[in-house]
Amino acid sequence: MHITATLINLFHFCKREMWLHAHGIRMEHTSDAVSEGKLIHETVYPQRSERFREIELDGCKIDFYDPKEKVVHEIKKSDKAEAAHLAQVKYYLWLLEQNGVEGPTAILEYPKLRRTQRVVLTEEDRQLIPQWREAIEQLLASDTCPSRLPISQCRSCSYFDFCWSEEQA
Ligand code: SF4
């Protein structure tokens with residue numbers, strides 16, 4: 001199974017959303033957290049796109065990679081799911097290392113908040129990432145959809161009606 005960056009991102013935000021996404025259950029107007037960043041990047045920094053390449057590693061696409069500087073550039077709209085964003089970016093770095101790139105780094109950027117964060121892969125990350133992949137494989141092998149998050153964390157999720165329509169009725 002290809003463990004994509006979207007799965008890694010969702011695993012750290014909501015395991016139920018990851019499971020629904022992986023099982024092809026999509027809602028109308030589903031916003032894909034990963035391609036959303038691509039759209040923001042192209043809109044906010046059209047002139048910078050020249051430097052970056054889209055690359056694919058082990059079935060996982062990195063939209064903005066600067067091969068000269070070995071830097072992944074990832075843009076997000078809000079920092080609401082910052083832990084998930086960090087995990088996604090660290091996964092890119094791990095994939096690059098697995099494919100022979102030495103010392104890749106990343107820049108996680110929130111243009112609306114005027115904030116950037118440089119991300120490097122630590123020894124702890126190198127130990128944790130294979131464990132994330134294993135946990136994701138186990139969750140996705142199960143027929144049971146994981147439980148919901150607290151409703152306060154669900155308001156902007158495209159699966160909100162799917163998960164909460166009974167309580168809202
Ligand atoms: S509505 Fe909440 S529980 Fe359901 S998938 Fe979205 S974040 Fe997860």
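Look up: the structure comes first, before these words.
Definitions and limits used
- Residues numbered from 1 in each chain as written.
- Predicted model: local features only at pLDDT ≥ 70, side-chain atom pairs only at ≥ 80, totals over all residues.
- Heavy atoms only, no water.
- Axes fitted to C-alpha atoms, helices over the stretch in contact; angles between N-to-C directions.
- Helix = DSSP H or I, 4+ residues; strand = E, 2+ residues; numbered from the N terminus.
- Parallel < 35°, antiparallel > 145°, perpendicular 65-115°, else oblique.
- Contact = heavy atoms within 4.5 Å.
- Nonpolar A, V, L, I, M, F, W, Y, C, P; charged D, E, K, R; others polar.
- Buried < 20%, exposed > 50% of the residue type's maximum accessible area, 1.4 Å probe, protein only.

**Here we look at the packing of helix α4 (residues 82-98) against helix α5 (residues 123-141)**
Where α4 meets α5, the axes come as close as 10 Å, and the angle between the chain directions of the two elements is 100°. Considering their axes alone, α4 and α5 lie roughly perpendicular with respect to each other. On α5, the residues that touch Ala87, Lys90, Tyr91, Trp94 and Glu97 of α4 are Asp125, Arg126, Ile129, Pro130, Trp132 and Arg133. A breakdown of the residues in the contact of α4 with α5 according to their chemical character gives six nonpolar, no polar and five charged.

**Regarding unusual backbone geometry**
Even without glycine at this site, Lys70 takes up a positive phi of about 60°. Tracing the chain through its elements places Lys70 in the loop between β2 (60-66) and β3 (71-75). In this model, Arg114 sits at a positive phi of 55°, which is unusual for a non-glycine residue. Secondary-structure assignment places Arg114 in the loop between β4 (105-110) and β5 (115-119). When its relative accessible area of 79% is taken as the criterion, Arg114 is described as exposed.

**Quick word on helix α1 (residues 5-13)**
Along an α-helix, residues three or four positions apart point the same way, because every turn accommodates 3.6 residues. Most of α1 sits out of view: seven of its nine residues are buried. Those residues of α1 lying buried are Ala5, Thr6, Leu7, Ile8, Asn9, Leu10 and Phe11.

**Here's the deal with helix α2 (residues 15-22)**
The element α2 is largely enclosed, with a buried count of six among its eight residues. By the burial criterion, the buried members of α2 are Arg16, Glu17, Met18, Trp19, Leu20 and His21. Positive backbone phi, approximately 75°, marks Gly24, located one or two places after α2.

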